[in-house]
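Spelled out, the chains give:
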Amino acid sequence: PNQLETNLIDLKKQDNELTSMSIYNIYKEAKQMQSLILLISIFLYGFIIVITLIGVTNIFNTITTNMILRSKEFAMLKSIGMTSKEFNKMTRLEGIMYGTKALLIGIPIGLLGSYALYRSFAQSIDYGYIFPWKAIIISAIFVYIIVGITMKYSLNKINKQNIIDTIRNENI
C-alpha cells in the first residue's frame, strides 16, 4: 500500500490531468487507528488495575483493622470455652456476610452504571442491552476470594496472640 501510494503521487505529479485526483492510504490510516486504540486500551486497563488495587487494599485494611480491634472480644469468647472449630466457623460466616453485603450493594449500582453507559452510547446505534452475567459471576467469585483471604490472614494474626495478654491489653 505504501509503495502504491508513492507511485500514484509520482504519477500525479507527472500528469497534469490527474491534479484533481485525491490519494488516500487506507492502510496507513488503519495502522494509525490501531495504534490509537492500543494506546487507549493500555491507559484504560492501567486505570482499571490501579482502581482495583486501591479497592482490594481498602477491603484488606478494613477487615484486618476490624478483626484486630475485636481481638479482645475474640479472646474473651475463647477464654469461656469457644473452640477453634467454632471460632473459625463464626469468622467464615462473618466473611460470607461481608461478601454478600458488598455484592448486594455493588451489583445493583454496577448494573445501573452499566445501563447508563449503554444508554449514553445507544444514542447513535442501538444494539440492545446485554445483561453482564459473566462479569457479575466473576465479580462475585473474586469478592469472596478476596474477603476469604483477608479473613484468613486476620485469623492467623489473631490466633498467634496469647488469650490472657490480649484480654489485659487495651485496644489501639
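Before any of the text, the structure's been laid out above.
Criteria and cut-off values
Residues numbered from 1 in each chain as written. Predicted model: local features only at pLDDT ≥ 70, side-chain atom pairs only at ≥ 80, totals over all residues. Heavy atoms only, no water. Helix = DSSP H or I, 4+ residues; strand = E, 2+ residues; numbered from the N terminus. Rg over C-alpha atoms; globule rule 2.2 N^0.38 Å. Buried < 20%, exposed > 50% of the residue type's maximum accessible area, 1.4 Å probe, protein only. Contact = heavy atoms within 4.5 Å. Areas by Shrake-Rupley, 256 points an atom, 1.4 Å probe, with all protein chains shown as cover. Axes fitted to C-alpha atoms, helices over the stretch in contact; angles between N-to-C directions. Left-handed = near helix turned anticlockwise from the far one by under 90°. Nonpolar A, V, L, I, M, F, W, Y, C, P; charged D, E, K, R; others polar. Core = buried A, V, L, I, M, F, W, Y, C linked by side-chain atoms within 4.5 Å. Salt bridge = Lys/Arg side-chain N within 4 Å of Asp/Glu carboxyl O.

## With respect to the overall build of the protein
Part 1: For the protein, the helix and strand inventory stands at 6 helices and 0 strands.
Part 2: When the elements of the protein are put in sequence order from the N terminus, they spell out α-α-α-α-α-α.
Part 3: For 172 residues, the compact-globule estimate of 2.2 N^0.38 gives 16 Å, and the protein exceeds it by more than 25% at 30 Å.
Part 4: Dimensions of the protein along its principal axes, counting C-alpha atoms only, are 100 × 35 × 25 Å.
Part 5: The proportion of buried residues among the 172 residues of the protein is 15%.
Part 6: Within the protein, residue pairs in contact and separated by at least 24 positions form 73% of the contacts whose partners lie at least 6 positions apart.
Part 7: Surface accessibility of the protein: about 13,400 Å² in total, with carbon and sulfur atoms responsible for 68%.

## Brief notes about the packing of helix 2 (residues 26-69) against helix 5 (residues 133-159)
Part 1: Where helix 2 meets helix 5, the axes come as close as 9 Å, and the angle between the chain directions of the two elements is 35°. Between helix 2 and helix 5 the crossing geometry is right-handed. Here Val56, Ile59, Phe60, Ile63, Thr64, Met67 and Ile68 of helix 2 lie close against helix 5, whose contacting residues are Ile146, Val147, Thr150, Met151, Tyr153, Ser154, Leu155, Lys157 and Ile158.
Part 2: Its residues assigned to classes, the contact of helix 2 with helix 5 comprises 12 nonpolar, 3 polar and 1 charged.

## Considering the nonpolar core
Part 1: In terms of nonpolar packing, the biggest core is built from 8 residues, these being Ile63, Met67, Phe74, Phe87, Val147, Met151, Leu155 and Ile158.
Part 2: Looking at this core, the elements with two or more residues in it are helix 2 and helix 5.
Part 3: Residue contributions to this core peak at 4 residues, all from helix 5.
Part 4: Sequence-distant contacts of Phe87, that is, excluding residues within four places in its chain, are made with Phe74, Lys78, Met82, Leu155, Ile158 and Asn159.

## Describing the side chain of Thr91
Part 1: Along the chain, Thr91 turns up in helix 4 (residues 84-121).
Part 2: Residues contacting Thr91, with those up to four places away along its chain left out, are Met67, Met151 and Leu155.

## Considerations on the pattern of salt bridges
Part 1: Going through the model one piece at a time under the given rule, you end up with 3 salt bridges.
Part 2: Of the charged contacts in the structure, one is a salt bridge between Arg70 and Glu73, with a shortest N-O distance of 3.7 Å.
Part 3: Classification of Arg70 by relative accessible area gives buried; the value is 18%.
Part 4: As a salt-bridge pair, Arg70 and Glu94 come within 2.5 Å of each other at their nearest N and O atoms. With Arg70 in the loop between helix 2 and helix 3 (71-79) and Glu94 in helix 4, the pair connects residues that are 24 residues apart, well separated along the chain.

All quantities given are derived from atomic positions and should not be read as evidence of function.
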